[in-house]
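Inside the fold
The residues making up each chain are set out below.
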Amino acid sequence: MSIQETLQTALTGALAGRSLLTWLDYTPEEIRYVLDLSKQVKREKNAVHERFKGKTLALLFEKRSTRTRCAFETAFGEEGGHPVFLSTADIQLGAKESIEDTARVLGRMFSAIQFRGFKQSTVEALASYSGVPVYNGLTDAFHPTQVLADIFTLEENFGECKGKKLCFVGDGRNNVARSLLVISAQLGINFSIITPKTLSPDTELLKTCEPLSQRSGALITVGDDPAGVAGADALYTDVWVSMGEESKREERRALLKPYQINQTLMEMTGRKDAIFLHCLPAVKGEEVSADVIDGPQSRAWDQAENRKHTIKAILLATLT
Ligand code: CP
Ligand code: NVA
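Because the structure is a prediction, the values reported are computed rather than measured. (Residues numbered from 1 in each chain as written. Chains lettered and ligands numbered in written order. Predicted model: local features only at pLDDT ≥ 70, side-chain atom pairs only at ≥ 80, totals over all residues. Heavy atoms only, no water.)

**Section: the nonpolar core**
When a protein is soluble and globular, its nonpolar side chains tend to lie buried together. This is how it is decided: Here, nonpolar core means buried Ala, Val, Leu, Ile, Met, Phe, Trp, Tyr and Cys residues that are tied together by side-chain atoms lying within 4.5 Å of each other. Burial classes follow relative accessibility: with a 1.4 Å probe on protein chains only, a residue under 20% of its type's maximum area counts as buried, one over 50% as exposed, and anything between as partly exposed. Numbering of helices and strands runs from the N terminus, with a helix taken as a DSSP run of H or I at least four residues long and a strand as a DSSP run of E at least two residues long. Whether two residues touch is decided by their heavy atoms; if any such pair falls within 4.5 Å, the residues are in contact.
The biggest cluster of nonpolar side chains holds 58 residues, and the ones touching the most others in it are Trp 23, Leu 37, Tyr 135 and Leu 166. Considering every element that reaches this core, the biggest residue donor is helix α8 (residues 175–187), with eight residues. Discounting chain neighbours no more than four positions away, the residues touching Leu 37 are Ile 3, Thr 6, Leu 7, Ala 313, Leu 316 and Ala 317. Within the second largest apolar cluster, 21 residues are counted, among which are Leu 235, Ile 261, Phe 276 and Leu 280.

**Some remarks on the site of ligand 2**
Formally: Here a residue is near a molecule or strand as soon as one of its heavy atoms is found within 4 Å of it. Under this definition, polar contacts are N or O atom pairs within 3.5 Å; protein pairs additionally need one hydrogen-donor-capable and one acceptor-capable atom, and for neighbouring residues in sequence, both atoms have to be side-chain atoms. Where accessible areas are quoted, they stem from the Shrake-Rupley method and a 1.4 Å probe; at the residue level, only the protein chains shown are allowed to cover. In this count, Pro and Cys sit with the nonpolar residues alongside Ala, Val, Leu, Ile, Met, Phe, Trp and Tyr, while Asp, Glu, Lys and Arg are called charged and the others, Gly among them, polar.
Near ligand 2 you find Leu 138, Asn 174, Asn 175, Asp 238, Val 239, Ser 242, Met 243 and Leu 280, and these make up its full shell. Taking Ser 242, its side chain carries an N or O atom lying 2.8 Å from a nitrogen atom of ligand 2. One nitrogen or oxygen atom from the main chain of Met 243 is found 2.8 Å from an oxygen atom belonging to ligand 2. Surface burial for ligand 2 is 95%, taken as the share of its 270 Å² of free accessible area covered by protein chains. Considered class by class, the residues forming the shell around ligand 2 number four nonpolar, three polar and one charged.

**Section: the sheet that holds strand β7 (residues 220–223)**
Worth spelling out the cut-off: Pairing between two strands requires that DSSP report at least two bridges joining them. Inter-axis angles, ranging from 0 to 180 degrees, are taken between N-to-C directions of lines fitted to C-alpha atoms, where helices are fitted over the stretch in contact.
Strand order in the open sheet formed by five strands is β7-β6-β5-β8-β9, with parallel pairing between adjacent strands. Each having just a single partner strand, β7 and β9 (275–278) make up the two edges of the open sheet. Sheet twist, expressed as the average angle between the axes of neighbouring strands with direction ignored, equals 20°. Helix-sheet contacts for helix α7 (residues 144–158) involve β5 (165–169), β8 (234–237) and β9, and the interaxial angle to β9 is about 165°.

Below you can see the structure in the form of C-alpha coordinates.
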(Lines give C-alpha, C1' and ligand atoms only; values in the text may rest on other atoms or scores of the structure.)
(Ligands and ions follow the chains in the order given, each with its own letter.)
Protein backbone atom coordinates (compact mmCIF):
# COMPACT_ATOMS: atom_id res chain seq x y z
CA MET A 1 0.00 0.00 0.00
CA SER A 2 1.33 3.49 -0.81
CA ILE A 3 1.55 6.21 1.85
CA GLN A 4 -1.28 8.02 0.11
CA GLU A 5 -3.49 4.91 0.36
CA THR A 6 -2.48 4.38 4.00
CA LEU A 7 -3.37 7.97 4.77
CA GLN A 8 -6.84 7.44 3.33
CA THR A 9 -7.78 4.64 5.72
CA ALA A 10 -10.37 5.05 8.47
CA LEU A 11 -7.72 5.38 11.16
CA THR A 12 -6.27 8.45 9.51
CA GLY A 13 -9.58 10.20 9.99
CA ALA A 14 -9.44 9.36 13.68
CA LEU A 15 -5.97 10.86 13.93
CA ALA A 16 -6.52 14.02 11.87
CA GLY A 17 -6.19 17.10 14.05
CA ARG A 18 -5.04 15.12 17.10
CA SER A 19 -2.32 16.24 19.50
CA LEU A 20 0.36 13.92 20.89
CA LEU A 21 0.92 14.70 24.56
CA THR A 22 1.45 11.13 25.81
CA TRP A 23 0.76 7.70 24.30
CA LEU A 24 -1.85 7.20 27.05
CA ASP A 25 -4.19 9.22 24.82
CA TYR A 26 -3.91 6.81 21.87
CA THR A 27 -5.27 3.31 21.33
CA PRO A 28 -2.86 0.45 20.59
CA GLU A 29 -4.30 0.33 17.05
CA GLU A 30 -3.55 4.01 16.53
CA ILE A 31 0.04 3.58 17.76
CA ARG A 32 0.42 0.54 15.49
CA TYR A 33 -0.85 2.62 12.59
CA VAL A 34 1.75 5.37 13.18
CA LEU A 35 4.51 2.75 13.50
CA ASP A 36 3.52 1.14 10.21
CA LEU A 37 3.29 4.53 8.54
CA SER A 38 6.81 5.30 9.84
CA LYS A 39 8.09 2.21 8.03
CA GLN A 40 6.64 3.45 4.77
CA VAL A 41 8.06 6.93 5.38
CA LYS A 42 11.55 5.50 5.96
CA ARG A 43 11.35 3.25 2.90
CA GLU A 44 10.54 6.30 0.77
CA LYS A 45 12.99 8.64 2.48
CA ASN A 46 14.61 9.75 -0.76
CA ALA A 47 11.38 10.51 -2.61
CA VAL A 48 10.47 14.17 -3.07
CA HIS A 49 7.08 15.25 -1.76
CA GLU A 50 5.43 18.49 -0.71
CA ARG A 51 2.93 17.09 1.76
CA PHE A 52 3.23 20.00 4.20
CA LYS A 53 3.10 22.76 1.59
CA GLY A 54 1.19 25.78 2.86
CA LYS A 55 1.47 24.60 6.50
CA THR A 56 3.34 26.16 9.39
CA LEU A 57 4.76 24.64 12.58
CA ALA A 58 5.81 26.54 15.71
CA LEU A 59 8.73 24.85 17.48
CA LEU A 60 8.76 26.04 21.09
CA PHE A 61 11.81 25.17 23.18
CA GLU A 62 12.32 25.88 26.89
CA LYS A 63 15.11 23.27 26.98
CA ARG A 64 17.94 22.47 24.57
CA SER A 65 17.63 19.92 21.78
CA THR A 66 19.60 18.51 18.85
CA ARG A 67 17.60 15.53 17.59
CA THR A 68 14.04 16.61 18.33
CA ARG A 69 14.45 20.08 16.90
CA CYS A 70 16.32 18.86 13.81
CA ALA A 71 13.89 15.98 13.22
CA PHE A 72 10.81 18.22 13.35
CA GLU A 73 12.45 21.01 11.39
CA THR A 74 13.81 18.85 8.56
CA ALA A 75 10.84 16.44 8.37
CA PHE A 76 8.44 19.35 8.04
CA GLY A 77 10.58 21.80 6.07
CA GLU A 78 11.81 19.43 3.36
CA GLU A 79 8.20 18.75 2.37
CA GLY A 80 7.31 22.37 1.83
CA GLY A 81 6.18 23.21 5.39
CA HIS A 82 7.44 26.30 7.19
CA PRO A 83 8.85 25.52 10.65
CA VAL A 84 9.57 28.46 12.98
CA PHE A 85 11.98 27.89 15.89
CA LEU A 86 11.10 29.87 19.01
CA SER A 87 13.15 29.58 22.19
CA THR A 88 12.08 31.17 25.46
CA ALA A 89 14.77 33.78 24.84
CA ASP A 90 12.69 34.90 21.83
CA ILE A 91 9.07 34.84 22.93
CA GLN A 92 6.93 35.85 25.90
CA LEU A 93 5.77 32.32 26.79
CA GLY A 94 5.04 32.10 30.49
CA ALA A 95 7.05 35.24 31.26
CA LYS A 96 5.23 38.36 30.12
CA GLU A 97 2.32 36.44 28.65
CA SER A 98 0.38 33.47 29.98
CA ILE A 99 0.64 30.05 28.33
CA GLU A 100 -3.07 30.24 27.48
CA ASP A 101 -2.76 33.59 25.66
CA THR A 102 0.36 32.45 23.83
CA ALA A 103 -1.52 29.33 22.74
CA ARG A 104 -4.47 31.37 21.47
CA VAL A 105 -2.18 33.59 19.37
CA LEU A 106 -0.03 30.79 17.97
CA GLY A 107 -3.17 28.82 17.09
CA ARG A 108 -4.26 31.73 14.87
CA MET A 109 -0.97 31.72 12.97
CA PHE A 110 0.29 28.14 12.86
CA SER A 111 -1.07 24.80 11.63
CA ALA A 112 0.51 23.01 14.62
CA ILE A 113 2.82 23.49 17.61
CA GLN A 114 5.69 21.44 19.04
CA PHE A 115 6.65 22.11 22.65
CA ARG A 116 9.72 21.01 24.62
CA GLY A 117 9.99 22.15 28.21
CA PHE A 118 9.50 21.48 31.86
CA LYS A 119 5.87 20.98 32.82
CA GLN A 120 3.43 18.55 31.25
CA SER A 121 0.72 21.06 32.21
CA THR A 122 2.24 23.57 29.75
CA VAL A 123 1.94 21.25 26.76
CA GLU A 124 -1.59 20.35 27.92
CA ALA A 125 -2.55 24.04 28.11
CA LEU A 126 -1.11 24.69 24.65
CA ALA A 127 -3.28 21.85 23.31
CA SER A 128 -6.39 23.07 25.12
CA TYR A 129 -6.14 26.72 24.07
CA SER A 130 -4.50 26.75 20.64
CA GLY A 131 -7.10 24.80 18.66
CA VAL A 132 -4.34 23.13 16.59
CA PRO A 133 -2.43 19.84 17.04
CA VAL A 134 0.28 20.08 19.70
CA TYR A 135 3.22 17.64 19.90
CA ASN A 136 5.11 16.97 23.11
CA GLY A 137 8.78 17.12 22.21
CA LEU A 138 9.75 16.27 25.85
CA THR A 139 8.58 17.43 29.24
CA ASP A 140 9.71 16.37 32.70
CA ALA A 141 6.95 13.73 32.57
CA PHE A 142 6.97 12.27 29.04
CA HIS A 143 8.90 12.05 25.75
CA PRO A 144 6.42 10.33 23.42
CA THR A 145 8.04 11.08 20.04
CA GLN A 146 11.27 9.52 21.33
CA VAL A 147 9.75 6.19 22.28
CA LEU A 148 7.97 5.83 18.95
CA ALA A 149 11.43 5.89 17.34
CA ASP A 150 12.67 3.44 19.97
CA ILE A 151 9.99 0.85 19.29
CA PHE A 152 10.43 1.41 15.57
CA THR A 153 14.14 0.61 16.01
CA LEU A 154 13.34 -2.46 18.11
CA GLU A 155 11.09 -3.71 15.29
CA GLU A 156 13.75 -3.02 12.65
CA ASN A 157 15.92 -5.52 14.49
CA PHE A 158 13.48 -8.12 15.77
CA GLY A 159 10.18 -7.70 13.87
CA GLU A 160 6.81 -7.23 15.65
CA CYS A 161 7.49 -5.81 19.12
CA LYS A 162 4.76 -7.74 20.95
CA GLY A 163 6.32 -10.23 23.37
CA LYS A 164 9.85 -8.82 23.04
CA LYS A 165 11.78 -8.08 26.23
CA LEU A 166 13.00 -4.51 26.67
CA CYS A 167 14.95 -3.47 29.80
CA PHE A 168 15.50 0.10 30.85
CA VAL A 169 18.47 0.34 33.22
CA GLY A 170 19.08 3.65 35.01
CA ASP A 171 16.91 6.51 36.27
CA GLY A 172 13.60 4.68 36.33
CA ARG A 173 11.45 7.72 37.00
CA ASN A 174 12.57 9.93 34.16
CA ASN A 175 10.55 11.02 31.14
CA VAL A 176 12.01 8.38 28.80
CA ALA A 177 11.51 5.45 31.21
CA ARG A 178 7.93 6.60 31.89
CA SER A 179 7.17 6.87 28.19
CA LEU A 180 8.65 3.45 27.45
CA LEU A 181 6.45 2.08 30.22
CA VAL A 182 3.33 3.51 28.60
CA ILE A 183 4.08 2.44 25.03
CA SER A 184 5.16 -1.04 26.20
CA ALA A 185 1.94 -1.49 28.17
CA GLN A 186 -0.02 -0.39 25.10
CA LEU A 187 1.77 -2.67 22.62
CA GLY A 188 2.39 -5.82 24.67
CA ILE A 189 6.15 -5.42 25.12
CA ASN A 190 7.62 -7.13 28.19
CA PHE A 191 9.22 -4.13 29.84
CA SER A 192 11.47 -4.14 32.90
CA ILE A 193 12.74 -1.08 34.68
CA ILE A 194 15.94 -1.83 36.58
CA THR A 195 16.68 1.02 38.93
CA PRO A 196 17.54 1.78 42.58
CA LYS A 197 14.40 1.71 44.75
CA THR A 198 14.49 5.48 45.26
CA LEU A 199 14.29 6.06 41.50
CA SER A 200 11.34 3.75 40.81
CA PRO A 201 8.57 5.12 38.59
CA ASP A 202 5.62 6.54 40.50
CA THR A 203 2.96 4.07 41.52
CA GLU A 204 0.21 6.22 39.98
CA LEU A 205 1.63 5.75 36.48
CA LEU A 206 2.18 2.03 37.11
CA LYS A 207 -1.48 1.77 38.16
CA THR A 208 -2.64 3.68 35.10
CA CYS A 209 -0.71 1.25 32.89
CA GLU A 210 -2.08 -1.90 34.57
CA PRO A 211 -5.30 -2.22 32.54
CA LEU A 212 -3.35 -1.43 29.37
CA SER A 213 -0.85 -4.23 29.98
CA GLN A 214 -3.62 -6.62 30.95
CA ARG A 215 -5.25 -5.94 27.59
CA SER A 216 -2.04 -6.18 25.55
CA GLY A 217 -0.41 -9.01 27.49
CA ALA A 218 2.64 -6.92 28.41
CA LEU A 219 4.61 -8.08 31.42
CA ILE A 220 5.77 -4.98 33.30
CA THR A 221 8.30 -5.31 36.13
CA VAL A 222 10.28 -2.91 38.30
CA GLY A 223 13.31 -4.13 40.25
CA ASP A 224 16.70 -3.05 41.51
CA ASP A 225 18.76 -6.09 40.51
CA PRO A 226 20.80 -5.75 37.27
CA ALA A 227 20.53 -9.54 36.86
CA GLY A 228 16.99 -8.81 35.63
CA VAL A 229 18.43 -8.15 32.15
CA ALA A 230 18.62 -11.92 31.50
CA GLY A 231 16.97 -12.84 28.20
CA ALA A 232 16.48 -9.22 27.07
CA ASP A 233 16.27 -8.40 23.38
CA ALA A 234 17.30 -4.81 24.10
CA LEU A 235 18.94 -2.89 26.92
CA TYR A 236 18.11 0.81 27.05
CA THR A 237 19.54 3.62 29.11
CA ASP A 238 19.37 7.40 29.35
CA VAL A 239 21.39 10.07 31.15
CA TRP A 240 21.51 9.84 34.94
CA VAL A 241 20.79 13.55 35.24
CA SER A 242 17.96 14.88 33.09
CA MET A 243 17.67 18.49 31.98
CA GLY A 244 16.60 20.63 34.92
CA GLU A 245 18.09 18.26 37.54
CA GLU A 246 21.73 19.38 37.26
CA SER A 247 22.03 19.93 41.04
CA LYS A 248 21.57 16.17 41.57
CA ARG A 249 24.64 15.10 39.55
CA GLU A 250 26.85 13.84 42.40
CA GLU A 251 24.00 12.05 44.19
CA ARG A 252 22.94 10.28 40.97
CA ARG A 253 26.48 9.27 40.04
CA ALA A 254 26.87 7.50 43.39
CA LEU A 255 23.42 5.91 43.27
CA LEU A 256 23.51 4.72 39.67
CA LYS A 257 27.10 3.54 39.34
CA PRO A 258 26.12 -0.16 39.63
CA TYR A 259 23.60 0.39 36.81
CA GLN A 260 26.00 1.36 34.02
CA ILE A 261 25.40 -0.54 30.78
CA ASN A 262 28.78 -2.01 29.89
CA GLN A 263 30.02 -5.17 28.20
CA THR A 264 29.46 -7.23 31.38
CA LEU A 265 25.81 -6.17 31.56
CA MET A 266 25.30 -6.80 27.83
CA GLU A 267 26.67 -10.32 28.37
CA MET A 268 24.32 -10.84 31.32
CA THR A 269 21.43 -10.79 28.82
CA GLY A 270 22.72 -14.19 27.67
CA ARG A 271 21.90 -13.05 24.14
CA LYS A 272 24.59 -12.44 21.53
CA ASP A 273 22.01 -10.66 19.38
CA ALA A 274 20.82 -8.29 22.15
CA ILE A 275 20.93 -4.66 21.08
CA PHE A 276 21.76 -1.48 22.98
CA LEU A 277 19.48 1.55 22.79
CA HIS A 278 19.95 5.13 24.01
CA CYS A 279 17.82 8.18 23.25
CA LEU A 280 20.95 10.41 23.26
CA PRO A 281 22.65 12.66 24.20
CA ALA A 282 24.86 10.20 26.13
CA VAL A 283 27.44 10.73 28.84
CA LYS A 284 29.91 7.99 27.93
CA GLY A 285 31.51 6.52 31.04
CA GLU A 286 28.40 7.21 33.16
CA GLU A 287 25.20 5.45 32.08
CA VAL A 288 26.97 3.57 29.26
CA SER A 289 30.55 2.57 28.55
CA ALA A 290 32.08 3.89 25.31
CA ASP A 291 32.73 0.38 23.97
CA VAL A 292 29.04 -0.51 24.18
CA ILE A 293 27.54 2.65 22.67
CA ASP A 294 30.18 2.75 19.94
CA GLY A 295 30.23 -1.04 19.51
CA PRO A 296 28.46 -3.53 17.21
CA GLN A 297 25.42 -4.09 19.45
CA SER A 298 24.56 -0.38 19.59
CA ARG A 299 21.61 0.88 17.56
CA ALA A 300 21.72 4.38 19.07
CA TRP A 301 22.59 6.05 15.76
CA ASP A 302 19.77 4.30 13.86
CA GLN A 303 17.50 5.36 16.68
CA ALA A 304 18.55 9.00 16.21
CA GLU A 305 17.85 8.82 12.46
CA ASN A 306 14.52 7.14 13.14
CA ARG A 307 13.39 10.18 15.14
CA LYS A 308 12.97 11.95 11.82
CA HIS A 309 10.99 9.22 10.05
CA THR A 310 8.68 8.61 13.01
CA ILE A 311 8.10 12.33 13.59
CA LYS A 312 7.27 12.75 9.91
CA ALA A 313 4.76 9.90 10.23
CA ILE A 314 3.12 11.60 13.25
CA LEU A 315 2.89 14.87 11.30
CA LEU A 316 1.45 13.09 8.23
CA ALA A 317 -1.17 11.24 10.28
CA THR A 318 -2.33 14.26 12.22
CA LEU A 319 -1.82 17.19 9.84
CA THR A 320 -2.73 16.05 6.31
N1 CP B 1 16.70 12.28 22.24
C2 CP B 1 16.45 13.58 22.20
O3 CP B 1 15.35 14.05 22.49
O4 CP B 1 17.51 14.35 21.83
P5 CP B 1 17.56 15.93 21.88
O6 CP B 1 17.54 16.34 23.32
O7 CP B 1 18.85 16.29 21.18
O8 CP B 1 16.36 16.48 21.15
N1 NVA C 1 15.85 12.23 30.24
C2 NVA C 1 16.57 13.12 29.35
C3 NVA C 1 16.17 12.87 27.94
C4 NVA C 1 16.91 13.68 26.91
C5 NVA C 1 16.46 13.39 25.53
C6 NVA C 1 16.29 14.56 29.77
O7 NVA C 1 15.14 14.88 30.05
O8 NVA C 1 17.22 15.35 29.80
